[in-house]
Amino acid sequence: MWNAKRGALITACAGTLFVAAFGCGPSLPDKIGFAGQNAALQSGTQVNFQDAFVAEGIFKVKLWVQNLSQAFMIVDRDGFALRLPDGRVLRRAVGTFTQHTPYNIPPGGGHEVFVDFRDPGKDMRIINAASLIVGGISFSTDPRPRVVGEIPLVPTGAR
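Here the structure is a predicted model, which means the values were calculated and not measured.

## With respect to the environment of Q42
And step 1. Tracing the chain through its elements places Q42 in the loop between strand 2 (39–41) and strand 3 (45–55).
And step 2. Spatially, the C-alpha atom of Q42 lies 8.4 Å from that of V147, the residues being 105 residues apart in sequence.
And step 3. Setting aside residues no more than four positions away along its own chain, Q42 makes contact with V147 and V148.

So, in structure tokens, the structure goes:
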């Protein structure tokens with residue numbers, strides 16, 4: 001009787017240790033950094049990459065956008081998007097109380113632009129590459145918003 005209980009206890013402990021060691025797989029860090037590049041895009045749009053990272057439910061990108069044209073540039077962050085490796089394109093995340101005022105940038109001027117992306121129900125930390133679609137750019141001489149280019153983003157590791 002004692003040996004049967006002891007055997008069951010040892011089996012249960014061994015199973016628990018096995019699950020703890022292998023069953024859960026590797027854990028992901030809370031945040032994973034991404035690297036991007038500076039780029040001279042179409043229509044006189046210069047984008048300087050500042051920072052990007054993913055957490056479980058969000059992909060955040062910070063840029064400096066400079067106007068190299070001779071007209072006033074309007075930057076509507078709702079025109080930015082994120083292309084994922086599987087081909088899906090995520091629109092900019094919009095919060096309940098988010099103000100959507102476009103930035104007006106004079107010729108030669110610049111402005112910080114922060115954009116967030118969400119993929120409901122998905123862990124964003126498993127993304128192994130992405131492309132930032134720089135869109136929502138228009139000018140005082142041509143007010144139609146356009147996409148001016150894409151910037152590749154690659155993971156750099158835990159933060």
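## Comments concerning the confidence of the model for the protein
And step 1. In this model, the protein carries an average pLDDT of 86, and 81% of its residues clear a pLDDT of 70 or more.
And step 2. For the protein, helix 1 (residues 2–23) is the element with the lowest average pLDDT, namely 47, and strand 10 (residues 130–134) is the one with the highest, namely 98.
And step 3. Residue range residues 7–23 is modelled with pLDDT below 50. Its contacts to residues more than four positions away, or to other chains, number 2 contacts.

## Points about the pairing of strand 12 (residues 142–146)
And step 1. Pairing geometry for strand 11 (residues 137–139) and strand 12, over 2 bridges, is antiparallel. Note on strand 12: the bridge partner recorded for I137 is R146.
And step 2. Between strand 11 and strand 12, which pair antiparallel in sequence order, lie 2 residues.

## Quick word on the sheet that holds strand 12
And step 1. Reading across from one edge, 8-5-11-12 is the order of the 4 strands in this open sheet, with antiparallel pairing throughout. Looking at which strands have only one partner, the edges of the open sheet turn out to be strand 8 (103–105) and strand 12. Along the sheet, successive strands turn relative to each other by an average axial angle of 20°, direction set aside.

## Thoughts on the environment of P155
And step 1. Looking at where P155 falls in the secondary structure, it is placed in strand 13 (residues 149–158).
And step 2. Taking the C-alpha atoms as reference, P155 lies 5.8 Å from G33; in sequence the two are 122 residues apart.
And step 3. Every residue in contact with P155, bar those within four places of it in the chain, is listed here: I32, G33, F34, I127, N128 and A129.

## Thoughts on the environment of F139
And step 1. Turning to its location among the elements, F139 is positioned in strand 11.
And step 2. Overall, the relative accessible area of 4% leaves F139 in the buried class.
And step 3. Sequence separation of F139 and Q70 is 69 residues, and the distance between their C-alpha atoms is 9.4 Å.
And step 4. The contact partners of F139, leaving out residues within four places of it in the chain, are S43, T45, N67, S69, A71, F72, M73, I74 and R146.

## Some remarks on the pairing of strand 1 (residues 32–35)
And step 1. Two elements, strand 1 and strand 3, share 2 bridges in a ladder whose sense is antiparallel. Its bridge partner being in strand 3, G33 is matched across the sheet by F53.
And step 2. Judged from the 4 bridges that link them, strand 1 and strand 13 form a sheet pairing that is antiparallel. Bridge pairing in strand 13 places I32 opposite A158.

## Observations regarding the packing of aromatic side chains
And step 1. Scanning all chains against the criterion turns up 1 aromatic pair.
And step 2. Taken together, a centroid distance of 4.8 Å and an interplanar angle of 55° make the contact between F34 and F59 tilted. Of this pair, F34 sits in strand 1 while F59 sits in strand 4 (residues 58–67), placing them 25 residues apart in sequence.
And step 3. By relative accessible area, which is 4% here, F34 ends up buried.
And step 4. F59 sits in the buried class, given a relative accessible area of 0%.
And step 5. Stacked on the ring of F53, the Lys or Arg K31 has its end atom at 4.6 Å from the ring centre.

Each value, and the rule that gives it
- Residues numbered from 1 in each chain as written.
- Predicted model: local features only at pLDDT ≥ 70, side-chain atom pairs only at ≥ 80, totals over all residues.
- Heavy atoms only, no water.
- Helix = DSSP H or I, 4+ residues; strand = E, 2+ residues; numbered from the N terminus.
- Contact = heavy atoms within 4.5 Å.
- pLDDT = per-residue confidence, 0-100.
- Pairing = 2+ DSSP bridges.
- Axes fitted to C-alpha atoms, helices over the stretch in contact; angles between N-to-C directions.
- Buried < 20%, exposed > 50% of the residue type's maximum accessible area, 1.4 Å probe, protein only.
- Phe/Tyr/Trp six-rings, centres within 6.5 Å; stacked < 30°, edge-to-face > 60°.
- Lys NZ or Arg CZ within 6 Å of the ring centre and 35° of its normal.

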